[in-house]
Amino acid sequence: MSVITTGPVIVESDNGLVTITLARPEAANALDTAVKVALLDAVREVAADSAARALLLRADGKHFCVGQDLAEHAKALGVGVDSAMGTIAEHYNPLIAALAALQVPVVAAVNGACVGAGFGLALAADIRVAAENASFATAFTGIGLASDSGLSHALVRSLGASQAMGLLMLGDKVSAEQAQQWGLVHRCVPAGKLDDTARALAARLAAGPTAAFRAVKDLVHHGAPDLLGALERERTVQEELGATDDHRAAVAAFLAKSTPVFTGR
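The rules behind the values
Residues numbered from 1 in each chain as written. Predicted model: local features only at pLDDT ≥ 70, side-chain atom pairs only at ≥ 80, totals over all residues. Heavy atoms only, no water. Pairing = 2+ DSSP bridges. Helix = DSSP H or I, 4+ residues; strand = E, 2+ residues; numbered from the N terminus. Axes fitted to C-alpha atoms, helices over the stretch in contact; angles between N-to-C directions. Parallel < 35°, antiparallel > 145°, perpendicular 65-115°, else oblique. Contact = heavy atoms within 4.5 Å. Nonpolar A, V, L, I, M, F, W, Y, C, P; charged D, E, K, R; others polar. Salt bridge = Lys/Arg side-chain N within 4 Å of Asp/Glu carboxyl O. Buried < 20%, exposed > 50% of the residue type's maximum accessible area, 1.4 Å probe, protein only. Core = buried A, V, L, I, M, F, W, Y, C linked by side-chain atoms within 4.5 Å. Left-handed = near helix turned anticlockwise from the far one by under 90°. Disulfide = S-S within 2.5 Å.

Draft legend 1. Region of the structure containing the sheet that holds strand β8 (residues 135–137). Read from one edge to the other, the open sheet built from three strands follows the order β6-β8-β9, with strand pairing classed as mixed. Lying at the two open borders of the sheet, with one neighbouring strand each, are β6 (113–115) and β9 (174–175). Both β8 and β9 contribute to a ladder of two bridges, which runs antiparallel. When the sheet's bridge partners are listed, Phe136 is paired in β9 with Val174.

Draft legend 2. Up close: the packing of helix α2 (residues 70–79) against helix α3 (residues 81–101). The geometry of α2 relative to α3 is characterised by a closest axis approach of 5 Å and an angle of 135 degrees between their N-to-C directions. Classified by the angle between their axes, α2 and α3 sit oblique to one another. Every residue of α3 that contacts α2 at His73, Ala76, Leu77 and Val79 is listed here: Ser83, Ala84 and Met85. Residues that form the contact of α2 with α3 fall into these classes: five nonpolar, two polar and no charged.

Draft legend 3. Inspection of the pattern of salt bridges at higher detail. For the coordinates displayed, the defined rule picks out eight salt bridges. The partner of Asp218 in a salt bridge is Arg233, with the nearest N and O atoms 3.0 Å apart. Here Arg233 lies in helix α10 (residues 227–241) and Asp218 lies in helix α9 (residues 210–221), a separation of 15 residues in the sequence. Classification of Asp218 as partly exposed rests on a relative accessible area of 33%. The salt bridge involving Glu239 is made with Arg235; its shortest N-O contact spans 2.9 Å. Highlighted residues: Glu239 and Arg235, both in helix α10, separated by four residues, approximately one helical turn. Salt bridges sharing partners connect three or more residues here, namely Arg24, Asp32 and Asp69.

Draft legend 4. Here's a closer look at the nonpolar core. In terms of nonpolar packing, the biggest core is built from 52 residues, with Ile20, Phe64, Val110, Phe136 and Leu155 touching the most fellow members. Tallying contributions element by element places helix α1 (residues 33–48) first for this core, with six residues. Sequence-distant contacts of Val110, defined by excluding residues within four places in its chain, comprise Phe64, Ala122, Val129, Ala130, Ala131, Ala134, Phe136 and Leu194.

Draft legend 5. Here's a closer look at the environment of His247. With respect to the helices, strands and loops of the structure, His247 is situated in helix α11 (residues 245–255). Its relative accessible area of 40% is what places His247 among the partly exposed residues. For the pair His247 and Gly264, spaced 17 residues apart in sequence, the C-alpha separation works out to 10.0 Å. His247 has contacts with Leu241 and Gly242, leaving out every residue within four places of it along the chain.

Draft legend 6. Looking closely at the packing of helix α5 (residues 151–159) against helix α6 (residues 161–170). At a minimum axis separation of 7 Å, α5 and α6 run at an interaxial angle of 140 degrees. Judged on the interaxial angle alone, α6 and α5 are oblique. Considering the relative orientation of α5 and α6, their crossing is right-handed. Contact with α5, carried on its side by Leu151, Ser152, Leu155, Val156 and Leu159, involves Ala161, Gln163, Ala164, Leu167 and Leu168 of α6 and no other residues of that element. Of the residues contributing to the contact of α5 with α6, the split by class is eight nonpolar, two polar and no charged.

Draft legend 7. Here's a closer look at the state of the cysteines. According to the stated counting rule, one finds zero disulfides in the structure shown. Cys114 supplies the cysteine sulfur nearest to Cys65, a cysteine that is in no disulfide, at a spacing of 7.2 Å. Sulfur of Cys188: no disulfide; nearest cysteine sulfur belongs to Cys114 and is 13 Å away.

See below:
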């Protein structure tokens, strides 16, 4: 595995799997300006890397991310509202948009507290694996705010308006088990197995049919509003994928009773 960058955000690459690690454990991976800038740069680098075939988003320490660094926020409020709230347009919006736009599968490994903008980061991933000790909360109304980092969209899309409204207004913690039951989490595992489980899943995706995964993301995130439209989109996508090397090689491997090797082409 090669280390690409270090600092508050560590970027590593290994056989098509890029790992981005939030590395500010002493502050529960709170998002100060340095972390937000480095994280956005890292995601953009993944988007521009033709060798990247999957992304694993994880965190060092006991907690995934407790959201905005409130000490930094308080200082910015002292300067003025524009200084404090400008981070949404400058950092959070482009970061969540960049994560959502990635053409490769994104896996988030969530441990401990996943709060506020940290929750938004996790929900921007395609698949979430959570440690049994993980908990999720919006927390914004607790400090007199509403939501950012795409939470209002992601929660309504995942849970429906009523459940999302409850989470956003009340800010109650949701356990990893409850999150899995609600469909916010794909898999819940013992804390000691989180990294290995999430990495194995991300590596499996990195070794898979990249074009097919890209098409799945597009169909799910930008699906047609009606059945006939969805059928037509699926037809178009399947025809395009039918021309890929991965599809032809996988069919040949199936007939030969062997394991397919996907190249991402």
